[in-house]
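Descriptive structure summary
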Amino acid sequence: MSHDKLVRMANQIATFFESQPDADKAGCVADHLRAFWEPRMLAQMGDHLAAGGDGLTPLARAGCERAVGATV
């Protein structure tokens, strides 16, 4: 899957959780990604984060970093 599509999907997930009352929104994004994304998708997102993570919103980036275990 292309990085552009993964970024778009991650941003959409983050947009949903942005409107939720949970205090740990990044944790909710990360939980969703770990539950529903294939390991290949998470690995590709890890590569994208390592390359700078262009296009991710701040919440999407934080959630993705937590989901893939990165602190880029």
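Computed from a predicted model, the values in this text were never measured in an experiment. (Residues numbered from 1 in each chain as written. Predicted model: local features only at pLDDT ≥ 70, side-chain atom pairs only at ≥ 80, totals over all residues. Heavy atoms only, no water.)

**A short note on the overall build of the chain**
A count of helical and extended segments in the chain gives four helices and zero strands. Ordered by position from the N terminus, the helices and strands of the chain form the series α-α-α-α. Against the globule reference of 11 Å for 72 residues, the chain gives a C-alpha radius of gyration of 11 Å, in line with a compact fold. Principal axes of the C-alpha set define a box for the chain whose edges measure 30 × 20 × 20 Å. Burial analysis of the chain (72 residues in total) assigns 40% to the buried set. Contacts in the chain between residues far apart in sequence, at least 24 positions, make up 60% of those at least 6 positions apart. (Helix = DSSP H or I, 4+ residues; strand = E, 2+ residues; numbered from the N terminus. Rg over C-alpha atoms; globule rule 2.2 N^0.38 Å. Buried < 20%, exposed > 50% of the residue type's maximum accessible area, 1.4 Å probe, protein only. Contact = heavy atoms within 4.5 Å.)

**Details of the packing of helix H1 (residues 3-18) against helix H4 (residues 58-68)**
Running from amino to carboxyl end, H1 crosses H4 at an angle of 105°, the nearest separation of the two axes being 8 Å. Here H4 runs roughly perpendicular to H1, going by the angle between their axes. Residue-level inspection shows Ala10, Asn11, Ala14 and Glu18 of H1 in contact with H4, the latter providing Leu59, Ala60 and Cys64. Residues belonging to the contact of H1 with H4 are distributed by class as follows: five nonpolar, one polar and one charged. (Axes fitted to C-alpha atoms, helices over the stretch in contact; angles between N-to-C directions. Parallel < 35°, antiparallel > 145°, perpendicular 65-115°, else oblique. Nonpolar A, V, L, I, M, F, W, Y, C, P; charged D, E, K, R; others polar.)

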